[in-house]
Amino acid sequence: MVTVRRMSLVRRAVPEDAAEVLRLRQVMIDALWSGEGGGPTQWHTESLPTLRARLAEADGDFAAFVVEWPDRPGTLAALVAGTLDYRIGKAGNPHGRVGQVFSVATDPDARRRGYARACMEELLAWLRARGAGHVLLNASPDAEPLYASLGFTRDPDPSMRLLL
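Owing to the predicted nature of the structure, the values given are computational and were not obtained by experimental measurement. (Residues numbered from 1 in each chain as written. Predicted model: local features only at pLDDT ≥ 70, side-chain atom pairs only at ≥ 80, totals over all residues. Heavy atoms only, no water.)

### Structural notes on the overall build of the protein
- The secondary structure content of the protein amounts to four helices and five strands.
- Sequence-ordered secondary structure for the protein, helices as α and strands as β, is β-α-α-β-β-β-α-β-α.
- For the protein, whose C-alpha radius of gyration is 16 Å, the value lies close to the compact-globule estimate of 15 Å for 164 residues.
- C-alpha atoms of the protein, sized along the principal axes, occupy 60 × 50 × 35 Å. (Helix = DSSP H or I, 4+ residues; strand = E, 2+ residues; numbered from the N terminus. Rg over C-alpha atoms; globule rule 2.2 N^0.38 Å.)

### So, the pattern of salt bridges
- Taken as a whole, this structure holds nine salt bridges when the rule is applied.
- A salt bridge links D17 to R11; its shortest N-O distance comes to 2.6 Å.
- For D107, the salt bridge identified is with R23, shortest N-O distance 2.8 Å. Taken together, the residues span a long stretch of sequence, with D107 in the loop between strand 4 (97–106) and helix 3 (115–129) and R23 in helix 1 (residues 18–32) at a distance of 84 residues.
- Judged by relative accessible area, which is 7%, D107 ranks as buried.
- On the basis of relative accessible area, R23 is assigned to the partly exposed category, the value being 27%.
- Through salt bridges with shared partners, a single ionic network connects R11, D17 and E68. (Salt bridge = Lys/Arg side-chain N within 4 Å of Asp/Glu carboxyl O. Buried < 20%, exposed > 50% of the residue type's maximum accessible area, 1.4 Å probe, protein only.)

### Here's the deal with unusual backbone geometry
- Here R112, not a glycine, exhibits a phi torsion of approximately 70°, which is positive.
- Here R112 falls in the exposed class, since its relative accessible area comes to 85%.

### Considering the side chain of N93
- Mapped onto the elements, N93 comes out in the loop between strand 3 (76–86) and strand 4.
- Within the local environment of N93, its side chain forms a polar contact with the backbone oxygen of R97, the two atoms lying 3.0 Å apart.
- Contacts of N93, omitting those with residues within four sequence positions, involve V98, G133 and H134. (Polar contact = N/O pair within 3.5 Å; in protein donor to acceptor, adjacent residues only side chain to side chain. Contact = heavy atoms within 4.5 Å.)

### What about the environment of T83?
- Note on placement: T83 falls in strand 3.
- A sequence separation of 24 residues divides T83 from D59, and the C-alpha atoms of the two residues are 12 Å apart.
- If near-sequence neighbours (up to four positions away) are discounted, T83 is found in contact with D61, F62, V98, G99, Q100, F102, W126 and L127.

### With respect to the sheet that holds strand 4
- Reading across from one edge, 1-2-3-4-5 is the order of the five strands in this open sheet, with mixed pairing throughout. Each edge of the open sheet carries a strand with a single partner, namely strand 1 (10–12) and strand 5 (134–137). Taking each pair of neighbouring strands and ignoring which way they run, the sheet shows an average axis angle of 25°.
- Inspection of the sheet shows strand 3 paired to strand 4 by nine bridges, in the antiparallel sense. Bridged to Y86 within strand 4 is R97. (Pairing = 2+ DSSP bridges. Axes fitted to C-alpha atoms, helices over the stretch in contact; angles between N-to-C directions.)

### Quick word on the packing of helix 1 against helix 2 (residues 42–55)
- At a closest axis distance of 9 Å, the pairing of helix 1 and helix 2 adopts a crossing angle of 120°. As far as their axial angle goes, helix 2 and helix 1 are oblique. Judged by the twist between their axes, the crossing of helix 1 over helix 2 is right-handed. Each of A18, A19, V21, L22, R23, R25, Q26 and I29 in helix 1 lies in contact with helix 2, whose residues at this interface are W43, H44, S47, L48, L51, R52 and L55.
- For the contact of helix 1 with helix 2, the class distribution of residues is nine nonpolar, three polar and three charged. (Parallel < 35°, antiparallel > 145°, perpendicular 65-115°, else oblique. Left-handed = near helix turned anticlockwise from the far one by under 90°. Nonpolar A, V, L, I, M, F, W, Y, C, P; charged D, E, K, R; others polar.)

### Examining the pairing of strand 3
- Counting buried residues in strand 3 gives nine out of 11 residues, a clear majority hidden from the surface.
- Strand direction decides the pairing type here: strand 2 (residues 62–68) and strand 3, joined by seven bridges, are antiparallel. When the bridges of strand 3 are listed, F62 appears paired with T83.

Put into structure tokens, the structure is as follows:
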């Protein structure tokens, strides 16, 4: 019996993907906050050089995993991005390594094909390989079933924010 392994469509994002990564992040922002961003904005231009530099850091604490449109060269269909952070250790995570997922986006006409799941699985493998004790994310109601199927649970959220 011969087992054929399906080749993954997922790959790690590279600096040349930066503009498309920002486009998909805007897709996510627009979906979550009802068009608050309204398409390409000044922040894209300001963010692009930093994002390119971070995508070039193969051993850095930031990673993005993407799926390209099969019939649209240079265009991304899905994105998952996250970081590995350090926090002082505690029970259950004595080394204090924490993964944070902060961008999960799929083009509207590419949804329901498993792209976001495949990208999430790659990001989670990347975080595990770097010793993350747990992974945090904020989930929209529409995305919660995906995250729950990957083992995420809801936490009470005592977070607060200060804009600087």
